[in-house]
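# Observations on the model geometry
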Amino acid sequence: MDEFLAQKIIETAELVGVKVGMKEATDFLTYLNLLLDWNQRMNLTAITDPEEIVVKHFIDSLALVPHLKEYPTLSILDVGTGAGFPGIPLKIVLPHINVVLLDSLKKRVLFLDAVIGELGLKGISAVHGRAEDFGKQPDYREAFDIVTSRAVAKLSVLSELCIPFVKVGGNFISYKGAKADEEINEAQNAINVLGGAKLIRVEVILPGLEDKRALIFVTKKDHTPEKYPRKAGMPEKKPL
Ligand code: SAM
């Protein structure tokens, strides 16, 4: 089974333009086994079929890699990373990037620490807290080249959670599904107010899946006004 899954990871990654070697495939398998094991004791993923985890979590996370041009000097913050998506898969295949994983659920951060320890990953850490609070901290605010987020909130809300962390000239990258266009229209005001500018939408097709996915790139051109992010809960309650 392990050999079959390792091959599946390597071959499916290749289909989205990402080269995964046997060492990285083994890391993905270790991650997968930890995910399934811990998932029996806490809610980490609704997907429990190993082949589905490979495509819907690992390969979906990796679909960003061919679009990252400035590697290897990047720093990435993954907001609402949950069980580590997309931050950990990105770190496995791009070992030189610096990654910070942020999540507001302590139990998930404990899981992330276990994965980082088991895989012996360096240049990656998991922190516990809310984006609204961390976005005000001087050592986090406007400190990252890229801020990613997948399956956390709609784009208008997510913009307030993520754009404050992005350096001017950097990118906020959101993993979205079928409703991407609707969310983009709705988020235009928030993006402008927070200092975001050019928006690019890239279509993503995952091998064997029919549902539409998209990566939304927002380049930051101005500093985020100091009053953002607003206090915890407000971005969701009253989106900009
Ligand atoms: N990104 C992962 C994925 O794609 O599988 C996890 C998605 S999960 C549905 C959403 C995660 O976002 C949860 O783990 C939750 O604790 C976290 N989250 C929600 N709001 C947050 C906030 N304001 N700050 C930090 N984390 C948050």
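All of the points below concern the structure found in this document. Numbers given to residues run from 1 along each chain, matching the order in which its sequence is written. Local features in this predicted model are restricted to residues whose pLDDT is 70 or higher, and side-chain atom pairs enter the listing and the counts only when it is 80 or higher, whereas totals over whole chains, interfaces and linings include all residues. In computing side-chain values, all of the structure's heavy atoms are included and hydrogens and water are not.

## Some words on the packing of helix H7 (residues 155-162) against helix H8 (residues 180-194)
The angle between two axes is taken between their N-to-C directions and runs from 0 to 180 degrees, where each axis is a line fitted to C-alpha atoms and a helix contributes only its stretch in contact. Only DSSP runs of H or I reaching four residues or more are called helices, and only runs of E reaching two or more are called strands; each is numbered from the N terminus. Running from N to C, H7 and H8 point in directions that differ by 25 degrees, and their axes come no closer than 7 Å. With respect to H8, the axis of H7 lies roughly parallel. The handedness of the crossing between H7 and H8 comes out as right-handed. Contacts between H7 and H8 involve Leu-155, Ser-156, Ser-159 and Glu-160 on the former and, on the latter, Glu-183, Ile-184, Glu-186, Ala-187, Ala-190, Ile-191 and Leu-194. By residue class, the composition of the contact of H7 with H8 is six nonpolar, two polar and three charged. For classification, angles of less than 35 degrees are called roughly parallel, those exceeding 145 degrees roughly antiparallel, those between 65 and 115 degrees roughly perpendicular, and all remaining angles oblique. The sense of a crossing depends on the near helix, which, turned anticlockwise from the far helix by less than a right angle, makes the crossing left-handed and, turned clockwise, makes it right-handed. Residue contacts are defined here by distance: any two heavy atoms, one from each residue, within 4.5 Å place the two residues in contact. Throughout, the ten residues Ala, Val, Leu, Ile, Met, Phe, Trp, Tyr, Cys and Pro are labelled nonpolar, Asp, Glu, Lys and Arg are labelled charged, and all others, Gly among them, are labelled polar.

## Structural notes on the packing of helix H1 (residues 2-15) against helix H2 (residues 22-39)
Two elements in contact, H1 and H2, have axes whose closest approach is 9 Å; the angle formed by their N-to-C orientations is 115 degrees. For the element pair H1 and H2, the recorded crossing hand is right-handed. Judged by residue contacts, Asp-2, Leu-5, Ala-6, Gln-7, Ile-9 and Ile-10 of H1 engage Met-22, Ala-25, Phe-28 and Leu-29 from H2. The residue makeup of the contact of H1 with H2, split by class, is eight nonpolar, one polar and one charged.

## Focus on the site of the ligand
The near set for a molecule or strand comprises every residue that places at least one heavy atom within 4 Å of it. With respect to spatial proximity, 15 residues lie near the ligand, and among them Gly-80, Phe-85, Asp-103, Arg-108 and Arg-150 are the closest. Between Phe-85 and the ligand, the recorded distance is 2.8 Å, taken from a backbone N or O atom to a nitrogen atom. Contact distances for the ligand include 2.6 Å between an oxygen atom and a side-chain N or O atom of Arg-150. The pocket and cavity definitions rest on a 1 Å grid over protein atoms only: a 1.4 Å probe that fits but cannot leave marks a cavity, an open set with protein on both sides within 12 Å along at least five of seven lines marks a pocket, and residues lining either have an atom within 4 Å of a point. In this scheme, a molecule is assigned to a cavity or pocket if more than half of its atoms are within 2 Å of the grid points. A molecule is said to occupy a pocket when more than half its atoms come within 2 Å of that pocket's grid points, and by this definition the ligand occupies the largest pocket. Within the shell around the ligand, the residues separate by chemical class into five nonpolar, five polar and five charged. Any pair of nitrogen or oxygen atoms within 3.5 Å is treated as a polar contact; in protein, a donor-acceptor pairing is required on top of that, and neighbouring residues in sequence qualify only through side-chain atoms on both sides.

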